[in-house]
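Residue-level structure breakdown
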Amino acid sequence: MPHWINPEVPHLPVEVDEGITLDELVTRIQDARGRPLRIEELAELTENDSALCGLWLATDDADIILHAPSESPLHRNQFILHELAHMLLLHDRVDDTGGYLTPSVLSGFENATIIKALGRDSISDEYEFAAERLADVLATRMRRRPVSKFSEIFG
Ligand SMILES: [Zn+2]
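Residues numbered from 1 in each chain as written. Predicted model: local features only at pLDDT ≥ 70, side-chain atom pairs only at ≥ 80, totals over all residues. Heavy atoms only, no water.

**Describing helix 4 (residues 126-143)**
The end-to-end C-alpha separation of helix 4 is 26 Å, in line with the 26 Å expected for 18 residues at 1.5 Å each. Within the span of helix 4, buried status applies to Tyr 127, Glu 128, Ala 130, Ala 131, Glu 132, Leu 134, Ala 135, Leu 138, Ala 139, Arg 141 and Met 142. (Helix = DSSP H or I, 4+ residues; strand = E, 2+ residues; numbered from the N terminus. Expected span 1.5 Å × (residues − 1). Buried < 20%, exposed > 50% of the residue type's maximum accessible area, 1.4 Å probe, protein only.)

Pasting the structure below:
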């Protein structure tokens, strides 16, 4: 079975099995980073900037994913997977942070020490493109269920 990510690409040591759930993936990433990971909806994300669907705040002691509200669970998953992809690709260790922004919607987080806020508003950016591609890979792997519990038991 092919590895889920090109081993040449620096990434967090997290296994992404076929059929993995979002919760399982979040737990694995949290364990690999050794700090809590919270996911919260932030209404201002769509109201102020329609292009900004999600953000990852890496503070001194926690990771926070903020995503735009969505009626569609599929869209919500995509917003979250995109930010998880940034984590898996170690984008908080990238020196070149010039392209990233701390948008005005984050005024409520002034007390947090934000070392990086990754917005999804610059899809042409090299890191955004890489995260978007990996999010697609993650979504595909999550959809795959090679052996269902039913066929395991009754097949
Ligand atoms: Zn992004």
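**Quick look at the packing of helix 1 (residues 22-33) against helix 3 (residues 73-88)**
Where helix 1 contacts helix 3, the two axes come as close as 11 Å, and the packing angle between them is 25°. By the angle class used here, helix 1 and helix 3 are roughly parallel. The handedness of the crossing between helix 1 and helix 3 comes out as left-handed. Residue-level inspection shows Leu 22, Leu 25, Val 26, Ile 29 and Arg 33 of helix 1 in contact with helix 3, the latter providing Arg 76, Asn 77, Ile 80, Leu 81, Leu 84, Met 87 and Leu 88. Residue classes in the contact of helix 1 with helix 3 are distributed as nine nonpolar, one polar and two charged. (Axes fitted to C-alpha atoms, helices over the stretch in contact; angles between N-to-C directions. Parallel < 35°, antiparallel > 145°, perpendicular 65-115°, else oblique. Left-handed = near helix turned anticlockwise from the far one by under 90°. Contact = heavy atoms within 4.5 Å. Nonpolar A, V, L, I, M, F, W, Y, C, P; charged D, E, K, R; others polar.)

**Description of the pattern of salt bridges**
Close approach of charged atoms allows side chains with opposite charge to pair. What the rule picks out here adds up to six salt bridges. When the shortest N-O distance is used, the salt bridge between Asp 92 and Arg 33 registers 3.0 Å. Taken together, the residues Asp 92 in the loop between helix 3 and strand 4 (116-119) and Arg 33 in helix 1 connect sequence positions 59 residues apart. Measuring nitrogen to oxygen at the nearest pair gives 3.0 Å for the salt bridge that ties Asp 63 to Arg 35. With a gap of 28 residues between them, Asp 63 in strand 3 (residues 63-67) and Arg 35 in the loop between helix 1 and strand 1 (37-41) connect regions that are remote in the sequence. The two residues Asp 63 and Arg 35 agree in class, both being buried. Salt bridges here are not isolated pairs; linked through shared partners, they connect Arg 33, Arg 35, Asp 63 and Asp 92. (Salt bridge = Lys/Arg side-chain N within 4 Å of Asp/Glu carboxyl O.)

**A word on the coordination of the zinc ion**
Protein ligation of the zinc ion involves His 82 (NE2), His 86 (NE2), Glu 128 (OE) and Glu 128 (OE), the donor distances falling in the range 2.0 to 2.7 Å. Taken together, the four donor atoms surrounding the zinc ion define angles of 53 to 138° at the centre, an arrangement classified as irregular. Here the donor residues for the zinc ion map to a single chain with the spacing H-x3-H-x41-E. Taken together, the positions of His 82 and His 86, both in helix 3 and four residues apart, correspond to about one turn of that helix. Accessibility assignment for this pair places His 82 and His 86 in one class, buried. (Donors = N, O, S within 2.8 Å, 3.2 Å for Na, K, Ca; no water. Tetrahedral: all angles 85-135°; square planar, octahedral: opposite > 155°, others 65-115°.)

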